[in-house]
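One-letter residues, chain by chain:
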Amino acid sequence: MLAAHFHGAHQPLALDDVPVPEPAADEVRVRVHAAGVCGTELHFTDGLYAPSRTPMTLGHEAAGVVDAVGADVTGWAPGDRVAVYYYLFCGSCRWCLRGRQNLCLAPRGVLAFAADGAFAEQLVVPAHCLVRLPDEVSFDAAAPLCCAGTTAVHALTEAAVEPGEVVVVLGSGGVGLAVVQDARRRGATVIAVSRDAARREAALRSGATAAVSPADAAEAVTRLSGGQGADVVVELAGVTATLELATGVLGRRGRLVLVGYSADSLTVSPLGMVVAEQRVIASVGNTLAELEAAVSLAASGQLTPPVAATMPLSQVNEALDRLRAGEVTGRLVLHP
């Protein structure tokens, strides 16, 4: 089968012919119908961090059909439509038992990080990492749900967003547009911030109350919050400029949710944060239950991360170049 392999930073992914993987007793093999292209792939190719081994098949947003099941697997059969949870969790550590599979202490791997991922015709995962995909949700829509959609759900759940609150979303890519949608579903007033006019338009179509450039963000927050500042800021870039903007517009008891990351650092004034009783929350990935919830929301039309375009797996490097150049509004989806 064909797989897009990472061999090293600052190199294009290689389209290699590799053996079809065989599922172990408790695993399933999934024929990948759609694989989302996340900004995380750029962190690998640009050298921010490296997978646990090379070559590694990248891609962690996968939707498809069960192709084969291991000897001990029950409840799944070839032909079942599925979305794949990309943390290959153990199921028995203290965090898994609390439903926090994203913090698993002994994972078998994480797709693309420490296990071959979705940029391939087929992949193998533990059976407990599957979520049933109803017919109402297409494979192209389901793949971005596995990270972009569920990352949004997790971040807003961690922030405990309530109706009537002002939520600022710094970044309007695939995750940002999903945050806009889910924040509006929760009854928030949403201000999307992006340097790109096309992304601001996409944020408005996704339900943002206002979509502004970084230069206009402070004024928009003041106006829409009645001078009180933002209740929640979801920071998706992790760079100095947006981190400074995030802390600058945060109001009393405001929650800054860190989702994006880079090599930059967050600098805060303890005095200012203490007096205003503000909080900083880190949010990574999502839980299995949140992927199930995201699929349910998608089936009812309440959460639809926008698909910018679909491309064949053979064009994976072109997809990454487009993403790196900031040419993508929403999510690119590959068809292996």
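As a reminder, the structure under discussion sits directly above these lines.
As the structure is a prediction and not an experimental result, all values here were calculated from the model.

Trainee: Would you take a moment to explain the overall build of the chain for this structure?
Mentor: Scanning the chain for helices and strands turns up ten helices and 18 strands. On C-alpha atoms alone, the chain measures out to a radius of gyration of 20 Å, which is about the 20 Å that the 2.2 N^0.38 rule sets for 336 residues. In terms of overall dimensions, the chain has a C-alpha envelope of 60 × 40 × 35 Å along the principal axes. When the 336 residues of the chain are sorted by exposure, 55% land in the buried category. For the chain, the proportion of contacts with a sequence separation of at least 24, taken over those separated by at least 6, is 68%. For the chain, the exposed surface amounts to about 13500 Å²; the carbon and sulfur share of it is 52%. One way to put it: in the chain the 24 positive side-chain charges average out to a point 6 Å from where the 34 negative ones average out.

Trainee: Explain the pattern of salt bridges here, please?
Mentor: Within the structure shown, the criterion is met by 16 salt bridges. Across the pair Asp 67 and Arg 29 runs a salt bridge, and its minimum N-O distance is 2.8 Å. On the criterion of sequence distance, the pair formed by Asp 67 in strand E5 (residues 61-69) and Arg 29 in strand E3 (residues 27-37) is long-range, its members being 38 residues apart. Residue Asp 67 is classed as partly exposed on the basis of its relative accessible area of 26%. Among the salt bridges present, the one from Arg 132 reaches Asp 80, with a minimum N-O distance of 3.5 Å. One end of the pair, Arg 132, is in strand E10 (residues 130-132); the other, Asp 80, is in the loop between E5 and strand E6 (81-84), and 52 residues separate them in sequence.

Trainee: I'm lost on the layout of surface pockets in this one. Help?
Mentor: Any space left empty among the atoms is revealed by the rolling of a water-sized probe across them. In this structure, the largest pocket occupies an estimated 1400 Å³ of space. Forming the boundary of the largest pocket are 46 residues, of which Gly 39, His 43, Leu 236, Ala 237 and Gly 260 lie nearest the centre. The set of elements that each furnish at least two residues to the lining of the largest pocket consists of helix H1 (40-45), helix H3 (139-158), helix H4 (174-185), helix H7 (240-249) and helix H10 (316-324). A breakdown of the residues in the lining of the largest pocket according to their chemical character gives 22 nonpolar, 18 polar and six charged. Taken as a whole, the second largest pocket spans an internal volume of roughly 220 Å³.

Trainee: Which parts of the structure should I look at to understand the sheet that holds strand E15 (residues 250-258)?
Mentor: Whether parallel or antiparallel, the strands of a sheet pair through hydrogen bonds between backbone atoms. Taken in spatial order, the six strands make up an open sheet running E13-E12-E11-E14-E15-E16, and their pairing is parallel. Only two strands of the sheet have a single partner each, and these edge strands are strand E13 (210-212) and strand E16 (279-282). In this sheet, adjacent strand axes meet at a mean angle of 20 degrees when their direction is disregarded. Both strand E14 (residues 230-235) and E15 contribute to a ladder of five bridges, which runs parallel. What sits directly across from Val 234, in E15, is Val 257.

What counts and what doesn't
- Residues numbered from 1 in each chain as written.
- Predicted model: local features only at pLDDT ≥ 70, side-chain atom pairs only at ≥ 80, totals over all residues.
- Heavy atoms only, no water.
- Helix = DSSP H or I, 4+ residues; strand = E, 2+ residues; numbered from the N terminus.
- Rg over C-alpha atoms; globule rule 2.2 N^0.38 Å.
- Buried < 20%, exposed > 50% of the residue type's maximum accessible area, 1.4 Å probe, protein only.
- Contact = heavy atoms within 4.5 Å.
- Areas by Shrake-Rupley, 256 points an atom, 1.4 Å probe, with all protein chains shown as cover.
- Lys, Arg positive; Asp, Glu negative; His and termini not counted.
- Charge placed at Lys NZ, Arg CZ, Asp CG, Glu CD.
- Salt bridge = Lys/Arg side-chain N within 4 Å of Asp/Glu carboxyl O.
- 1 Å grid on protein atoms, 1.4 Å probe; cavity = no way out; pocket = protein on both sides within 12 Å on 5 of 7 lines; lining within 4 Å.
- Points joined across faces, edges and corners; volume = space filled by probe spheres on them.
- Nonpolar A, V, L, I, M, F, W, Y, C, P; charged D, E, K, R; others polar.
- Pairing = 2+ DSSP bridges.
- Axes fitted to C-alpha atoms, helices over the stretch in contact; angles between N-to-C directions.

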